[in-house]
Amino acid sequence: MDLFERISKDIVSAMKAKDKNRLDALRNVKKLFLEAKTSPGANDTLTDETAMKIMQKLVKQGKDSADIYVSQNRQDLADVELAQVAVIEEYLPKPLSPEELEAKLKDIISEVGATGMKDMGKVMGTATARLAGMADGKAISAAVKKLLA
């Protein structure tokens, strides 16, 4: 079962359970999935990889919105955003710990033959592609700088 079908099935479950927060989050995800499927050139298909990118973007946007709400003393709105983020994160792969990230990056560095900061672009290109969904881009960048320095 692909991610699109799983989200559709879970929407039905959330409706039956009358879980408004979960239902809102999943409906938002499905709306973006449908937009991606019907976009020009998509040929009415949505790969799980594309679906993951969409969900990662939603998680990042939700966290950013929650930060803004907190800075404006609107904790009630921040709580709603964070609850929806938590629902979406259930479908994403478990993020890597800093130690796991560093170990994977060491493998990538030796694989591409990087020797110093001048090779950061090579390492980042490979790392962001291979670790998509498992680590945040900022975390990858900071770890690569630390390892190449």
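Described below are features of the structure shown in this document. In this text, all values refer to a predicted model and were calculated from it rather than measured experimentally. (Residues numbered from 1 in each chain as written. Predicted model: local features only at pLDDT ≥ 70, side-chain atom pairs only at ≥ 80, totals over all residues. Heavy atoms only, no water.)

Another aspect to go through is the packing of aromatic side chains. One pass over the full model with this rule turns up one aromatic pair. Relative to phenylalanine 33, the ring of phenylalanine 4 has its centre 6.3 Å away and its plane inclined at 40°; by these criteria the two rings are tilted. Of this pair, phenylalanine 4 sits in helix α1 (residues 3-17) while phenylalanine 33 sits in helix α2 (residues 20-37), placing them 29 residues apart in sequence. As far as the burial class goes, phenylalanine 4 and phenylalanine 33 line up, both buried. (Phe/Tyr/Trp six-rings, centres within 6.5 Å; stacked < 30°, edge-to-face > 60°. Helix = DSSP H or I, 4+ residues; strand = E, 2+ residues; numbered from the N terminus. Buried < 20%, exposed > 50% of the residue type's maximum accessible area, 1.4 Å probe, protein only.)

Its location among the elements puts aspartate 19 in the loop between α1 and α2. Exposure remark for aspartate 19: the relative accessible area of 33% places this residue in the partly exposed category. Separated by 3.3 Å, the side chain of aspartate 19 and the backbone nitrogen of arginine 22 make a polar contact. (Polar contact = N/O pair within 3.5 Å; in protein donor to acceptor, adjacent residues only side chain to side chain.)

Computed from the structure, the largest pocket encloses a volume of approximately 560 Å³. Residue lining of the largest pocket: 17 residues in total, with Gln56, Val59, Lys60, Ala135 and Asp136 positioned closest to the centre. Sorting the residues of the lining of the largest pocket by element identifies α3 (48-71) and α7 (137-148) as the ones contributing at least two each. Here the lining of the largest pocket takes seven residues from α3, the largest share from any one element. Within the lining of the largest pocket, the residues separate by chemical class into six nonpolar, three polar and eight charged. (1 Å grid on protein atoms, 1.4 Å probe; cavity = no way out; pocket = protein on both sides within 12 Å on 5 of 7 lines; lining within 4 Å. Points joined across faces, edges and corners; volume = space filled by probe spheres on them. Nonpolar A, V, L, I, M, F, W, Y, C, P; charged D, E, K, R; others polar.)

Even without being a glycine, lysine 18 presents a positive backbone phi close to 55°. By the secondary structure assignment, lysine 18 is in the loop between α1 and α2. With relative accessibility at 73%, the residue lysine 18 sits in the exposed group. Of note in the backbone geometry, asparagine 73 takes a positive phi value of approximately 60° without being a glycine. With respect to the secondary-structure elements, asparagine 73 resides in the loop between α3 and α4 (75-89).

We now examine the packing of helix α5 (residues 98-112) against α7. The N-to-C vectors of α5 and α7 enclose an angle of 60°; their axes lie 10 Å apart at closest approach. The orientation of α5 relative to α7 falls into the category oblique. For α5 against α7, the interelement crossing comes out right-handed. On α7, the residues that touch Leu101, Glu102, Leu105, Lys106 and Ile109 of α5 are Ala139, Ile140, Ala143, Val144, Lys146, Leu147 and Leu148. Split by residue class, the contact of α5 with α7 holds nine nonpolar, no polar and three charged. (Axes fitted to C-alpha atoms, helices over the stretch in contact; angles between N-to-C directions. Parallel < 35°, antiparallel > 145°, perpendicular 65-115°, else oblique. Left-handed = near helix turned anticlockwise from the far one by under 90°. Contact = heavy atoms within 4.5 Å.)

Moving on: the environment of serine 97. Mapped onto the fold, serine 97 is located in the loop between α4 and α5. C-alpha separation for the pair serine 97 and alanine 135, spaced 38 residues apart in sequence, amounts to 8.5 Å.

As a further point, take α4. For α4, spanning 15 residues, the distance from its first C-alpha to its last is 20 Å, which sits close to the expected 21 Å at 1.5 Å a residue. For α4, the complete set of buried residues consists of Ala78, Gln84, Val85, Val87 and Ile88. Packed against the buried residues of α4 are α2 and α3. (Expected span 1.5 Å × (residues − 1).)

Mapping alanine 78 onto the fold places it in helix α4. Apart from residues lying up to four places away in sequence, alanine 78 is in contact with Ala66, Tyr69 and Val70.

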